[in-house]
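Summary of structural features
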Amino acid sequence: MPDLSRLLPEPGPGRLLAWSTFADSIGFGLWVTGSAIFFTRSVGLSAGQVGVGLSIAGFLGFAASVPFGHLADRRGAREVAVALAVLNAVLFAGFALVHSFPAFVVAVSLVAVVGSGSHAVRNALLAGVMGSGSRVRTRAYLRSVLNVGISLGAVLAGLALRADTRSAYLALVFGQAASFLVVAVITLRLPHVPPSPSAQEGGRRWLALRDLPFLAVTGLSGALVVNSSILMIALPLWVVQRTSAPRSTVAALFLLNTVLAVLFQVRASRGAEVVAGAARVGRWSAFATAAACVIYASARGLPAGFAIAVLLSGTVVLTVGELWQSASSWGLGYELAAPQAQGQYQGVFALGFGAQETAGPAFVTLLAIGWGLTGWLVIAAVVLAAGFALPPVAAWAARTREAYWPAVSS
């Protein structure tokens, strides 16, 4: 495991955020690795039931980030973040009581709603405790720590999967719950972020949803997150169904992506601290993702050795695009948000990512696996279109800030 001291920000709020992220990510790694198997092997649900339940939960949690973000503006981001972490711990522990499909749907739906809200609130908390010039760099550190923690959690989850007992699976459940309690304790040590008086005025409650330039940036940034669906959904299917590379190549590609993200996310975030730089980095991300699509497509029909080499090179390029896309989204999401309404703005910005997570898997699967080379080229074209549009739309949003910010700062 990499030396964490090199992945941490300077002492202060940023380092506390990094440690809380590390605790959270270990729990997430435990859970995401073993949750599907827990529900099928231990709870007794079918794979189809798990899929349907998670889809319902995803739909219900989709828009939860906006009202929770607004709550953070009204009540203080730190206090709301702590409350949601404790609530998450209780909800995850409740999975130990799930023994039927209806109970499963209720449980995962509650977790999805609170989880979506927690993401927006933690983003608002970071905006409140870190200065404008250090937010993107801090997020880059957190992303590196996140990948380390998830990897460690996945390794620990492997022990439970090998044991394949009810007790071992419950250890995953309670391990994730415990991680949220650790997050709550660390978050309490962060500085208090005062509530925004203007956020409590009803007429300004949904300001971010009326900010058309910001919504446009949100949509374009969300489109660029398709690289996530490519990596997690399209690429494994492409490797297994359309190339001669062995199945084990998928694990190697994921490992390569994780290692590169840990080592280079901070470096890739340079220049994204301001709107123009973030938009420019977003365009670079589009170029890299589009190039990766073409590289992946070319792996079809090659001998196994050449196919592996092409897939590895494509993953390097895709990961570069992913790192730039992340940095771009952080810069735009923070710098285009009204200072006293960071919660609701972060909640709205998350909708773009949520939309991609909902539609992206089907989009890339249909095109890449169904259409082959043509499909990969279509994906590349869509990403390039979003990348080219992002800088002028972001510039429009920056020019029109004064038309929206006085509404929350007066």
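Summarised in this report is the structure supplied together with it. (Residues numbered from 1 in each chain as written. Predicted model: local features only at pLDDT ≥ 70, side-chain atom pairs only at ≥ 80, totals over all residues. Heavy atoms only, no water.)

All right, on to the overall build of the chain then. Counting its secondary structure elements, the chain contains 16 helices and 0 strands. A compact globule built from 410 residues should have a C-alpha radius of gyration of about 22 Å, and the chain, at 21 Å, falls within 12% of that. Overall size of the chain, expressed as C-alpha extent along the three principal axes, is 65 × 50 × 40 Å. Here the chain holds 410 residues, and the buried ones make up 53% of them. Sequence separation of at least 24 residues holds for 84% of the intrachain contacts in the chain that already meet a minimum separation of 6. Within the structure as shown, the chain displays about 16,700 Å² of accessible surface, and the carbon and sulfur contribution to it stands at 69%. (Helix = DSSP H or I, 4+ residues; strand = E, 2+ residues; numbered from the N terminus. Rg over C-alpha atoms; globule rule 2.2 N^0.38 Å. Buried < 20%, exposed > 50% of the residue type's maximum accessible area, 1.4 Å probe, protein only. Contact = heavy atoms within 4.5 Å. Areas by Shrake-Rupley, 256 points an atom, 1.4 Å probe, with all protein chains shown as cover.)

Turning our attention to unusual backbone geometry. Backbone geometry places Asp164, a non-glycine residue, at a positive phi of 55°. Counting through the fold element by element, Asp164 comes out in the loop between α6 (135–163) and α7 (166–187). What makes Asp164 partly exposed here is its relative accessible area of 31%.

A word on the packing of helix α4 (residues 77–93) against helix α5 (residues 101–129). Closest axis-to-axis distance for the α4/α5 pair is 9 Å, and the angle between their directions is 155°. Between α4 and α5, the angle is such that the two are roughly antiparallel. Considering only the axes of α4 and α5, their crossing is left-handed. Contacts from Ala77, Arg78, Val80, Ala81, Leu84, Leu87, Asn88, Leu91 and Phe92 in α4 reach Leu110, Val111, Val114, Gly115, Gly117, Ser118, Val121, Ala124 and Leu125 in α5. A breakdown of the residues in the contact of α4 with α5 according to their chemical character gives 13 nonpolar, 4 polar and 1 charged. (Axes fitted to C-alpha atoms, helices over the stretch in contact; angles between N-to-C directions. Parallel < 35°, antiparallel > 145°, perpendicular 65-115°, else oblique. Left-handed = near helix turned anticlockwise from the far one by under 90°. Nonpolar A, V, L, I, M, F, W, Y, C, P; charged D, E, K, R; others polar.)

Before going further, it helps to spend a moment on a nonpolar patch on the surface. Where nonpolar side chains cluster on the molecular surface, the patch consists of Val52, Ile56, Phe59 and Leu60 and spans about 390 Å² of accessible area. For Leu60, the position within the fold is in helix α2 (residues 47–61). A residue is classified by how much of its surface remains accessible, and Leu60, at 45% relative accessible area, is partly exposed. (Patch = residues over 30% accessible without salt bridge, like charges linked within 9 Å, V, L, I, M, F, W, Y side chains within 5 Å. Salt bridge = Lys/Arg side-chain N within 4 Å of Asp/Glu carboxyl O.)

Our next topic: the packing of aromatic side chains. Evaluated as defined, the whole model comprises 18 aromatic pairs. Put simply, the rings of Trp31, Phe38, Phe39, Phe92, Phe95, Phe101, Phe104 and Phe180 touch in pairs and so form one group of aromatic residues. (Phe/Tyr/Trp six-rings, centres within 6.5 Å; stacked < 30°, edge-to-face > 60°.)

For helix α10 (residues 226–242), with 17 residues, the first-to-last C-alpha span of 20 Å runs short of the 24 Å given by 1.5 Å per residue. Of all the bends in α10, the greatest reaches close to 40° and is centred on Ala234; the proline Pro236 follows between one and four positions later. Among all positions in α10, only Val226, Asn227, Ser229, Ile230, Leu231, Ala234, Leu235, Pro236, Trp238 and Val239 are buried. Turning to α10, the residues buried within the fold contact α9 (212–224), α11 (249–268), α12 (275–297), α13 (304–335), α14 (342–371) and α15 (373–399). (Expected span 1.5 Å × (residues − 1). Bend = angle between axes of the 7 residues up to and from the residue.)

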